[in-house]
Amino acid sequence: MVRRFNGSTTTMTGDARHVNGGRAAAGRLADTRRVVRPQGSRQAAFMLQLFILSAFIFPSDTVIRIVGAQGYLASLVSLVLFLAWAVTALLGLHDPVHTRYPVRGALAVLWICALLSYAAMPLFTPDETQRLSADRWMLLLVGMSGVILVTAEHLRSPADLLRVIRTVVWGGAFSGVVATLQFWFLWDLKPLLRLALPGFETGDAYGSFQGRDALVRVTGTTIHPIELGVVAGMLLPLAIWLGIHDRERPPARRWLPVGLIGMCIPMSVSRSAILAVGVAMATFVICLPAKQRVWLLAFSPAAVVGIFATTPGYLRTIIGSITMGAEDASITNRLDNYPRVVALVQQAPWLGRGGGTFLPEDATRILDNQYLKTAIEMGVLGLAALLLYFLVPAITALQARARATDPGLRSLCGALAGACLAAAVGAYTFDAFSFAQFASVHAVVLGLCATCWLAVQRWPAQTRIFPVSVKAAALRPAEPAPSQAARPSPAARIEP
């Protein structure tokens, strides 16, 4: 028979017990105890690390031409992740049916609206370019789904969760190194990174250097300064979380990524970056314990002064861009877009014209707003699904924080909630899913929110993310197996 406790499946046959879905498994066979790691967790962490590194190291404008715009390396890896998730589910290596979490529900709603919109697309006679763009949007959705599902359902040990977080933070730090070289030395490393991908071609839609007043805006390994700033704003709370809690690493290795990611914000010279980091850090600080909150608030003025001191003219440029109002062509163009958007939405109010099909030929008609773009392409239903996709993971992380007992896990949930809200706010300032690194990092963050939510349900209450080193945590003995006389709790459901 099968007993299911809070999403974990326990199969009992004779004297052998195998717990699948927890941090570790313990069984008794001939009175001998043995430890079984969560099946596939280490392999999933390795594949996710490959995805994260490919997203941060190799520019997304470098693609396999025959595949098209979705032929960049991180996209190909994300498709492999989705295929791996589907194969393991079909082979019964994990149980997605009984592994339920709110993030997947929000993803499912987005999928339903995307498919309905794609089915309605022929009614508006799209041209060949629009059909190809719609196909790219569906491929992007498949890739993001693969990252979210593998992260949520296959990361089942604190050691593997920590590996993925370290990788995404150091990936952001690498982008900060490239941005620093661009900003201070006007030297772009991206052409050399592209050489490491034989058979790939570059579209190079945007340059690595852009100007705003007297300052140079740089892109790091992204394709636009706004993308660099928003991604940095999302990752800064995670980097600070590692700096506070990852005590097994020396201080330089813990705090160097914080400095490199933090410097991306002024080097992007972006109002979107300031908005994103403000929302992310406010959420993170509120979720910290009182002592850590005081220390972080005390250090914040020194960090702000350091940014202004190392980036001459930054304060004047940012204040000027904020106070220009109607004199700023960027703001004027965004405001002028609203009447056009309303007219287009009224033509297809419910399901839109198909995801990815809004391709204005005039650059002044580009919507620097993912919500407006989605309203045109997927209608009101798609816009509602997008809002759920952005907000449900943040709520999920906050719910997990409220139920967690480990201080490190509680702070991590606050950092992830801040990253989700920063992405939601940033999407209002640029067409977020048109930028691959943002979409990649956002998918990882959503998967981590789901992982934390499931961890609260599955992991024993005494589990700590930072009990010992990662290697020692992987080898930590399992808890004693329950005796045969043990009975399930009244809440357990017994199935034949």
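Above this note sits the structure.
Residues numbered from 1 in each chain as written. Predicted model: local features only at pLDDT ≥ 70, side-chain atom pairs only at ≥ 80, totals over all residues. Heavy atoms only, no water.

A look at the overall build of the protein chain
From N to C terminus, the protein chain includes 16 helices and 10 strands. A burial count over the protein chain gives 52% of its 496 residues as buried. Considering only contacts in the protein chain between residues 6 or more positions apart, those separated by 24 or more positions represent 76%. Accessible surface, the protein chain as shown: approximately 21800 Å² in total, 67% of it carbon and sulfur. (Helix = DSSP H or I, 4+ residues; strand = E, 2+ residues; numbered from the N terminus. Buried < 20%, exposed > 50% of the residue type's maximum accessible area, 1.4 Å probe, protein only. Contact = heavy atoms within 4.5 Å. Areas by Shrake-Rupley, 256 points an atom, 1.4 Å probe, with all protein chains shown as cover.)

A look at the side chain of T463
In this structure, T463 sits in the loop between α15 (436-458) and α16 (470-474). T463 gets classed as buried once you look at its relative accessible area, which sits at 9%. Of note is the side chain of T463, whose polar atom sits 2.9 Å from the backbone oxygen of P460. (Polar contact = N/O pair within 3.5 Å; in protein donor to acceptor, adjacent residues only side chain to side chain.)

Focus: the packing of helix α7 (residues 225-245) against helix α9 (residues 271-287)
Between α7 and α9, the shortest axis-to-axis distance is 7 Å and the interhelical angle comes to 20 degrees. The orientation of α7 relative to α9 falls into the category roughly parallel. As for how α7 packs across α9, the hand of that crossing is right-handed. Across from I226, G229, V230, G233, L236, P237, I240 and W241 in α7, the residues of α9 making contact are S272, A273, A276, V277, A280, M281 and F284. (Axes fitted to C-alpha atoms, helices over the stretch in contact; angles between N-to-C directions. Parallel < 35°, antiparallel > 145°, perpendicular 65-115°, else oblique. Left-handed = near helix turned anticlockwise from the far one by under 90°.)

So, the nonpolar core
Membership of the largest hydrophobic core comes to 117 residues, with the highest contact counts inside it found for M234, F390, L412, L416, F433 and F438. With near-sequence residues (within four places) excluded, F433 lies in contact with W137, L140, M144, Q370, L386, Y389, F390, F438, A439 and H442. Among the nonpolar cores identified, the runner-up in size contains 7 residues, and V341, V345, F358 and L372 belong to it. (Core = buried A, V, L, I, M, F, W, Y, C linked by side-chain atoms within 4.5 Å.)

So, unusual backbone geometry
A positive phi is found at T125, a non-glycine position, where the angle reads about 45 degrees. Mapped onto the fold, T125 is located in the loop between α3 (102-120) and α4 (128-154). Overall, T125 belongs to the exposed group, its relative accessible area being 67%. Non-glycine residue V269 carries a positive phi angle of around 45 degrees. In this structure, V269 sits in the loop between α8 (251-268) and α9.

A closer look at the pattern of salt bridges
Side chains that carry opposite charge are capable of pairing whenever their charged atoms lie near each other. This model, assessed by the stated rule, comprises 9 salt bridges. Of the charged contacts in the structure, one is a salt bridge between R104 and E153, with a shortest N-O distance of 3.0 Å. On the criterion of sequence distance, the pair formed by R104 in helix α3 and E153 in helix α4 is long-range, its members being 49 residues apart. Of the residues examined, E153 reaches a relative accessible area of 2% and is grouped as buried. (Salt bridge = Lys/Arg side-chain N within 4 Å of Asp/Glu carboxyl O.)

Some thoughts on a nonpolar patch on the surface
A cluster of nonpolar side chains, contributed by W184, F185, W187, L192 and L195, occupies part of the molecular surface with about 610 Å² of accessible area. Among the elements of the structure, α5 (158-185) and α6 (190-195) are those that each provide at least two residues to the nonpolar patch. Within the secondary structure layout, W184 lies in helix α5. (Patch = residues over 30% accessible without salt bridge, like charges linked within 9 Å, V, L, I, M, F, W, Y side chains within 5 Å.)

Examining α5
Counted at 1.5 Å a residue, the expected span for α5 with its 28 residues is 40 Å, and the 40 Å between its end C-alpha atoms agrees. Within α5, 20 of the 28 residues are buried, which leaves the element mostly enclosed by the surrounding structure. Among the residues trailing α5, L186 stands out with phi positive, at a value near 55 degrees. (Expected span 1.5 Å × (residues − 1).)

Quick word on the environment of L155
Within the secondary structure layout, L155 lies in the loop between α4 and α5. Given a relative accessible area of 3%, L155 falls into the buried group. With 293 residues separating them in the primary sequence, L155 and L448 have C-alpha atoms 8.8 Å apart. Residue contacts for L155: discarding those within four places in its chain leaves S41, A45, L48, V150, D160, L161, V164, L448 and T451.

Re the packing of aromatic side chains
Inspection of the entire model under this criterion finds 11 aromatic pairs. Pairing F183 with W184 gives two aromatic rings, centres 5.3 Å apart and planes at 80 degrees, and the pair type is edge-to-face. The buried category is assigned to F183, whose relative accessible area is 12%. Among the residues examined, W184 registers a relative accessible area of 44% and is labelled partly exposed. For the pair F430 and F435, a centre-to-centre distance of 5.3 Å together with 45 degrees between the ring planes defines the contact as tilted. The residues F430 and F435 share a single accessibility class, namely buried. (Phe/Tyr/Trp six-rings, centres within 6.5 Å; stacked < 30°, edge-to-face > 60°.)

Structural notes on the side chain of N337
Take N337: it is sitting in helix α12 (residues 329-347). Here the side chain of N337 touches R340 through a polar contact of 2.3 Å, side chain to side chain. Setting aside residues up to four positions removed in sequence, N337 forms contacts with T364, R365, I366 and L367.

Things to note about the environment of S440
Within the element layout of this structure, S440 appears in helix α15. A relative accessible area of 7% means that S440 is categorised as buried.

A look at helix α14 (residues 407-426)
Taking 1.5 Å of rise per residue, the 20 residues of α14 would be expected to cover 28 Å, and the 29 Å separating its terminal C-alpha atoms lies within 8% of that figure. Taken across its 20 residues, α14 has 16 buried, putting it largely inside the fold. Residue D406 occupies the N-cap position of α14, its side-chain oxygen lying 3.2 Å from the main-chain nitrogen of G408.

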